[in-house]
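Listed below, chain by chain, are the residues.
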Amino acid sequence: KCAYRHPGVRWRKVLYEPQPFPDNYVDERFLEELRKNIYVRRYRYWSVVFESGLVAQQLACVSVFVVLWWYMDRGLLTPHWLFGTGLLLSTVGYVAYDLVDGGLGRHQSGRTRWADLKSAIVFVLFTYGFSPLLKTLTESISTDTIYAMSFLMLLAHLVFFEYSTHMAVASSSLSLSVAIFASVCLASRLPGSLHAFATVTCAIEVFALWPLLLRRLKSHVPQGYVAVSLLVSVASVAVALSVTVVGGVLLALLLLCISLLCPYLLICLQLHKDNIHGPWDEAEITEDLSRFLR
Amino acid sequence: MVLKIFFPQCCVQAESGLLIGRWLPKHNSAVVLAVIHFPFIPCQVKQYLCQLQNLIKLELAIVGSWSKAVKGQEKQDNFMEDLCTIFPQGDWLQMYSEKGKRGFDCRVIPRNGTKTMNNDKNVVIIHYDQRKVMLSQLHPADGLVLGSQKNVSELTMVFQTVSQSKELFHSDKYDEGPFKVTHWQSEGREASIIIELCKQASVPVCFMINCFLTVWFWMCKSRILNLWPARFVSSKLSTCVQLSHRAEQLQIMSNPRKTSEHLEFMRKGNIFLSFLIDLALGLLLISWLYRENCIARLADMLVPAADRVAEELQQLLQWLMGAPAGLKMNRALDQVLGKFFLYHIHLWISYIHLMSPFIGMILWYLGLSACLGLTIALSVFSDIVALLTFHIYCFYVYGARLYCLKIYGLSSLWRLFRGKKWNVLRQRVDSCSYDLDQLFIGTLLFTILLFLLPTTVLYYLVFTLLRLLVVLFQGLFHLCMDLINSIPLFAMGMRIFRPYRLAAGVKFRILQNDKERPLHLLMEINPLTFSAVLKWYRIPTYSCYPKDSWGALCKKLFIGELIYPWKTKHTKTD
């Protein structure tokens, strides 16, 4: 209408020049720049399953740890056995960790074997030294409080775990700290100081060392990663079944859901994505809306 | 602009003559100080003026003439006008009272004197009480000399003019001079033999006190007393602090120089009076203490009281070692702390019992210190309380240190827990990637400290409350001491009995408001309010108050920093 009134004057989308149009005027070329779904990605189902396996994997790890603790609490598992098995498995894992990439990662990071040994000694010594203290630490606090706290902490561990390298909320140190906190809480409920020691070392192996190995496997030997993941998942379901059938079934369903159903849902819902992008600034509500809530 | 003439009330009834005064040209006003009566010889008047100016160091002048209406005498207008040619020093005021009328008229003849202006409306005559104005000190008081300042209010100028011309008012009614002068005059000197004796005695007494003080300060400065432990202990004992404060005050007071400045004079008076009151109260205390063998009874009471406190503390610790109020404490730590403190109390009790045979004697001698003043006795008592509750202080320090350690450890480990660290260079929290073992040990320690925190907090809380109780008790003593030390009794007395001596300002009352006569105002002095007296003349004392605000105190308590009733920590300056 305005263009009709000013024939020969072509509208430009600038405000620094005087034009015979109101400031909020646009002409018909405005929608030419409309784009749709420019950032949409096409996923392949199995690659998504491959990536999301880590989530299921971490869940399985947590459940294995909890079940091990439960065994210890019931006296079905001696701390010596747990510590011995853990030591054996971590030695195997340590060898595998170097074999997987042929010593390339160790060469790049410049970390010596002496440093590794020192870390291991620090872990073991500190845990062993503090284990009597850990046993009496929460004596006066009720068991329910400890369980609730451990549950929340393990949940936080799952939430903050670094599943991929570019995640906003992830914080590897926070997730590890929270897991250790939970393990100390749980260990303080056990009958002996040796039990506490075994539980905390087990927590270090499960929450700190195992993800390192898994990540390296995933980047270098994907088949091995898939096999190990499957193994751990099945093992976790099996040990959970040995505790409670319902829990085992629920865990199995949850693992299946996370690793198979969720990727499927993602791909299905991707079809319904409808984003529009254009030369406009998207509306953002920055106003304080709390007055409408009153 | 209106011409203001400040006219002394005592001169209203004066015989005719010349007006001595001072022009304040900046403010367009004149201050009349006195009237010289007829007859006189102009030469002599000029000489007299010169002498006065040398004496007073003010530019006095003959500002005009004064004629009083006498029965059967005509106006001497012409004669008066002629006078102005004899004393050509500025504008000429011609004031005359008329018979049967209150108040008086005024005419101003400008300097060149060609034209007589009868501008009644532009003249305001302000009556003032010469004696009061001379004696009063207008606040804000500052010892400035007239003439050296730029922006002084008119009122200050008037007050200073009158008070500086004290010399002019020295001559009393019975003095003989070349001519008669009317101004405010004392009724002749009253002499009291006691006052004279005191004045005579004060010089040698001051000298003796000075000598004694010199010896005292020399002793204080000697090497042995300045070694580290002695100095540290003496700075903490309130008796020593109070003694040195009193010595300094004595030095100020016994300064044999005559004080000229108002503030210094007031300070000396205040210190002297507070000293006297202090001594009197102290002697009263002594007479009470030593009359009925109070001291012995007090000493007998003291040891059982200390025992009782220790017993109560033991019970408190037993309670804490159980499950106090159903709190979730760590039992092992609880037992360790409780046993440690119990052992401490045991030590304390045996110490007290070791001391008990001597306590009566010590108290007897310490009681004598009250003859140096009540404040000294109070500070000695406060020190005794501090020494007797030393175990509480120790508990508090242990508790606070432990708590402080925990709080600092927890706050830095909490950052580690979240994967952050404190960047010292940038003064902010940065994210940081820790090694596995660092993270593990940090988290382990964090968990342990977190679960042990409630126990420590409880012990800290209980002992802090006890400590605060003692500090409050001591604070009351210090407050009393500070009150005696700092209240300006002399200034207060002056405000009560001679309110005009300390002026906050003036107020004007209309005396006469006739149409064809100049406006007559009466200037009255507004005395200083009591709060202002306190503000102006409070004797500076060493501060025994904690300097922290309440918020800062709470923060210190929260982070476990030690609090003291005294303030010795200097603020850091980088």
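Residues numbered from 1 in each chain as written. Chains lettered and ligands numbered in written order. Predicted model: local features only at pLDDT ≥ 70, side-chain atom pairs only at ≥ 80, totals over all residues. Heavy atoms only, no water.

(A) Highlighting the overall build of chain A. The number of helices and strands found in chain A is 11 helices and two strands. Its C-alpha radius of gyration of 28 Å places chain A more than 25% over the 19 Å reference for a compact globule of 294 residues. Counting only C-alpha atoms and orienting by the principal axes, one finds that chain A spans roughly 95 × 55 × 40 Å. Evaluated residue by residue, chain A yields a buried proportion of 36% over its 294 residues. Considering only residue pairs separated by 6 or more positions, chain A has 71% of its internal contacts joining residues 24 or more positions apart. (Helix = DSSP H or I, 4+ residues; strand = E, 2+ residues; numbered from the N terminus. Rg over C-alpha atoms; globule rule 2.2 N^0.38 Å. Buried < 20%, exposed > 50% of the residue type's maximum accessible area, 1.4 Å probe, protein only. Contact = heavy atoms within 4.5 Å.)

(B) Inspection of the packing of helix 12 (residues 390-417) of chain B against helix 16 (residues 550-559) of chain B at higher detail. Residue and element names in this part refer to chain B. Taken N-terminus to C-terminus, the directions of helix 12 and helix 16 make an angle of 85°; their axes are 8 Å apart at the nearest point. The orientation of helix 12 relative to helix 16 falls into the category roughly perpendicular. Facing Tyr-403, Cys-404, Ile-407 and Tyr-408 of helix 12, the residues of helix 16 in contact are Leu-557, Phe-558 and Ile-559. (Axes fitted to C-alpha atoms, helices over the stretch in contact; angles between N-to-C directions. Parallel < 35°, antiparallel > 145°, perpendicular 65-115°, else oblique.)

(C) Summary view of the nonpolar core. Ranked by size, the top nonpolar core spans 85 residues in total, and within it Leu-134 and Phe-207 of chain A together with Leu-317, Phe-440 and Tyr-459 of chain B carry the most contacts. Val-133, Val-162, Val-506 and Met-523 of chain B belong to the second-largest nonpolar core, a separate cluster that totals 41 residues. (Core = buried A, V, L, I, M, F, W, Y, C linked by side-chain atoms within 4.5 Å.)

(D) Expanded view of the UniProt feature "transmembrane region" (unreviewed entry) in chain B. Look at the UniProt record and you will see "transmembrane region" (unreviewed entry) annotated at residues 271-290, 345-365, 372-392, 398-417, 438-462 and 468-491 of chain B. A helix fraction of 92% and a strand fraction of 0% characterise residues 468-491 of chain B, whose end C-alpha atoms lie 36 Å from each other. (UniProt positions renumbered as here; feature names shortened; annotations may be inferred.)

(E) Region of interest: the packing of helix 7 (residues 238-253) of chain B against helix 8 (residues 262-291) of chain B. Residue and element names in this part refer to chain B. In the contact formed by helix 7 and helix 8, the axes pass within 9 Å of each other and the chain directions differ by 130°. Between helix 7 and helix 8, the interaxial angle falls into the category oblique. The two elements helix 7 and helix 8 meet at a crossing, and its hand is left-handed. Where helix 7 abuts helix 8, its residues Arg-246, Gln-249, Leu-250, Ile-252 and Met-253 lie against Arg-267, Lys-268, Ile-271, Phe-272, Ser-274, Phe-275 and Asp-278. Its residues assigned to classes, the contact of helix 7 with helix 8 comprises six nonpolar, two polar and four charged. (Left-handed = near helix turned anticlockwise from the far one by under 90°. Nonpolar A, V, L, I, M, F, W, Y, C, P; charged D, E, K, R; others polar.)

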